[in-house]
Amino acid sequence: MDIFITGASGFIGSAVARALVTRGHRVRGLARSDASAARVRACGADPVRGDLYQLDLLAREAAAGDGVVHTAATAGEDRAATDAAAVTAMLAAMSGGVFVTTTGAPMARSSRVPVPEDDTVNPGGPLEWLVAAESRVLGAAGLRGLVVRPPMVYGDGAGPVAGLVNAARAAGVARYIDDGTNRWSTVHVRDLAVAYAMLLESDATGVFHAADASPEPMATLFSAIGDVARVPVGSWSLAEARAAHGLMAGFLAMDAALDAAKLRRLGWTPRVGEALGGICGALRNPAQGYGAS
């Protein structure tokens, strides 16, 4: 297949590019800068210079191949509008093929039951715009629409977990919120990349979760983070966490345990994560790159 990836130089997008190239596909990757283009080339993909604001370029690249994997996102307040415009332009240009978009895990403040794929993001929450983003892709005519909802992605010393380790080092303490019993599903970035590849190569449609078998309590995760950062572990209230970290604190206080049964029925298994012993094993594995420099 010939696949165009937005965010191809990023944490998830670069892993997807490497997985697809390894499996014999051609990959073109969106790159905003010379440095990003170099990272795309290092994955074995062909860089396409541009960004999510260049709608004509996005449309042209989406129409030129067999499918699109959308992993890019802007960081500003215009994120939802930018995503909508970019995806709409790409979908409108495609006369067939497959489009895979990346959204977020549905989360609840109190649920302990893994969330199935037919659940949506909480109405009125900060990620409510993702409901429209998913519907946009799943409702597109004339092509195969797929949604991947990653949980907390870890691996290779990068991504959000690396940010938590660095924050603990800077603060001198690794702190979970309240009693730390809320749980998050996790997935190694290389296992997640294989999930994207398998979905592209299948005839599947719809929403898919990619997650390790056992969600981790936050207290357990932050114990591993404290070990790696070489700092003590403690707890603080949600109010204290929000005062320090804003919206991110609210996410870390929620439950995001995902049921990935649909993807497993297609034959997907998180082999890298299992070999490492999950996210806590990966954190403590020097080869993963989370240790102190």
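In what follows, the structure referred to is the one given above.
Residues numbered from 1 in each chain as written. Predicted model: local features only at pLDDT ≥ 70, side-chain atom pairs only at ≥ 80, totals over all residues. Heavy atoms only, no water.

K.L.:
Would you mind going over the packing of helix α1 (residues 11-22) against helix α7 (residues 189-201) with me for this structure?
P.N.:
Each pair of packed helices can be described by the angle between their axes along with the distance between the axes. Axis separation between α1 and α7 bottoms out at 8 Å; the angle between their running directions is 60°. The angle between α1 and α7 places the two elements in the oblique class. Judged by the sense of rotation from one axis to the other, the crossing of α1 with α7 is right-handed. On α7, the residues that touch Phe-11, Ile-12, Ala-15, Val-16, Ala-19 and Leu-20 of α1 are Val-189, Leu-192, Ala-193, Tyr-196, Ala-197 and Leu-200. Across the contact of α1 with α7, the residue classes break down as 12 nonpolar, no polar and no charged. (Axes fitted to C-alpha atoms, helices over the stretch in contact; angles between N-to-C directions. Helix = DSSP H or I, 4+ residues; strand = E, 2+ residues; numbered from the N terminus. Parallel < 35°, antiparallel > 145°, perpendicular 65-115°, else oblique. Left-handed = near helix turned anticlockwise from the far one by under 90°. Contact = heavy atoms within 4.5 Å. Nonpolar A, V, L, I, M, F, W, Y, C, P; charged D, E, K, R; others polar.)

K.L.:
Would you explain the sheet that holds strand β1 (residues 2-6) in this entry?
P.N.:
Strand-to-strand pairing in sheets goes through backbone hydrogen bonds, with the strands running parallel or antiparallel. Ordered in space as β3-β2-β1-β4-β5-β6-β11, the 7 strands form an open sheet in which the pairing is parallel. The open sheet has two edge strands with one neighbour each: β3 (46-49) and β11 (206-209). Here the average twist between neighbouring strands, direction ignored, is 20°. Pairing of β1 with strand β4 (residues 67-70), which is carried by 4 bridges, proceeds in the parallel orientation. For Thr-6, the partnering residue across the bridge sits in β4 and is His-70. Running at roughly 150° to strand β6 (residues 144-149), helix α5 (residues 129-138) makes contact with β5 (98-102), β6 and β11 of the sheet. (Pairing = 2+ DSSP bridges.)

K.L.:
Looking at this structure, I do not really get the pairing of strand β2 (residues 26-31). What am I missing?
P.N.:
Across a regular strand the side chains alternate sides, sitting on one face of the sheet and then on the other. For β2, the buried fraction is high: 5 of the 6 residues fall into the buried class. Relative to β3, β2 is paired through 4 bridges, and the arrangement is parallel. In the sheet register, Gly-29 faces β3, and the bridge partner there is Pro-47. With respect to chirality, the unit in which β2 leads through helix α2 (residues 34-42) into the neighbouring parallel β3 is right-handed. (Buried < 20%, exposed > 50% of the residue type's maximum accessible area, 1.4 Å probe, protein only. Right-handed = clockwise from strand over helix to strand, strands pointing away.)

K.L.:
Just checking my understanding: could you explain the nonpolar core for this structure?
P.N.:
When a protein is soluble and globular, its nonpolar side chains tend to lie buried together. Membership of the largest hydrophobic core comes to 39 residues, with the highest contact counts inside it found for Met-152, Ile-225 and Leu-283. Those elements that provide at least two residues to this core are β7 (152-154), α6 (159-171), β8 (174-177), α8 (218-229), α9 (238-245), α10 (247-253) and α13 (278-283). Here the element with the most residues in this core is α8; it accounts for 7 residues. (Core = buried A, V, L, I, M, F, W, Y, C linked by side-chain atoms within 4.5 Å.)

K.L.:
Quick question: what am I supposed to make of the pattern of salt bridges here?
P.N.:
Side chains that differ in sign of charge can pair as their charged atoms come close. Applying the stated criterion across every chain, the model contains 9 salt bridges. Between Asp-156 and Arg-190 there is a salt bridge; the shortest N-O distance is 2.7 Å. One end of the pair, Asp-156, is in the loop between β7 and α6; the other, Arg-190, is in helix α7, with 34 residues separating them in the sequence. Between Asp-227 and Arg-284 there is a salt bridge, and its shortest N-O distance comes to 2.7 Å. Remark: Arg-284 occurs in the segment after α13 and Asp-227 occurs in helix α8; sequence separation between them is 57 residues. By relative accessible area, Asp-227 is classed as partly exposed at 44%. For Arg-284, a relative accessible area of 43% corresponds to the partly exposed category. (Salt bridge = Lys/Arg side-chain N within 4 Å of Asp/Glu carboxyl O.)

K.L.:
Looking at this structure, how should I read α5?
P.N.:
In an α-helix, one turn spans 3.6 residues, which is why side chains three or four residues apart end up on the same side. Among all positions in α5, only Leu-130, Ala-133, Glu-134 and Val-137 are buried. What you see down the axis of α5 is that its buried residues fit within an arc of 95°, all on one side. On the buried face of α5, the contacting elements are α4 (79-93), β5, β6 and β11. (Arc of directions from axis to C-beta.)

K.L.:
Would you explain unusual backbone geometry in this entry?
P.N.:
Both trends apply: most residues other than glycine have a negative phi, and most peptide bonds are in trans. In this model, Asp-156 sits at a positive phi of 60°, which is unusual for a non-glycine residue. Residue class for Asp-156 comes out partly exposed when judged on its relative accessible area of 34%. One non-glycine residue, Asp-178, lies in positive phi territory at about 55°. Structurally, the position occupied by Asp-178 is in the loop between β8 and β9 (183-184). Judged by relative accessible area, which is 34%, Asp-178 ranks as partly exposed.

K.L.:
Looking at this structure, how should I read the environment of Ala-171?
P.N.:
With respect to the helices, strands and loops of the structure, Ala-171 is situated in helix α6. In sequence terms Ala-171 and Gly-96 are 75 residues apart; their C-alpha atoms lie 50 Å from each other.

K.L.:
Would you mind showing me how to read the pairing of β5 here?
P.N.:
Across the 5 residues that make up β5, a large majority, 4, are buried. The pairing of β4 with β5 spans 4 bridges and is classified as parallel. Pairing of Val-69 across the sheet is with Val-100, part of β5. Alignment of β5 against β6, held across 5 bridges, turns out to be parallel. The residue bridging Thr-101 from the neighbouring strand is Val-147, located in β6.

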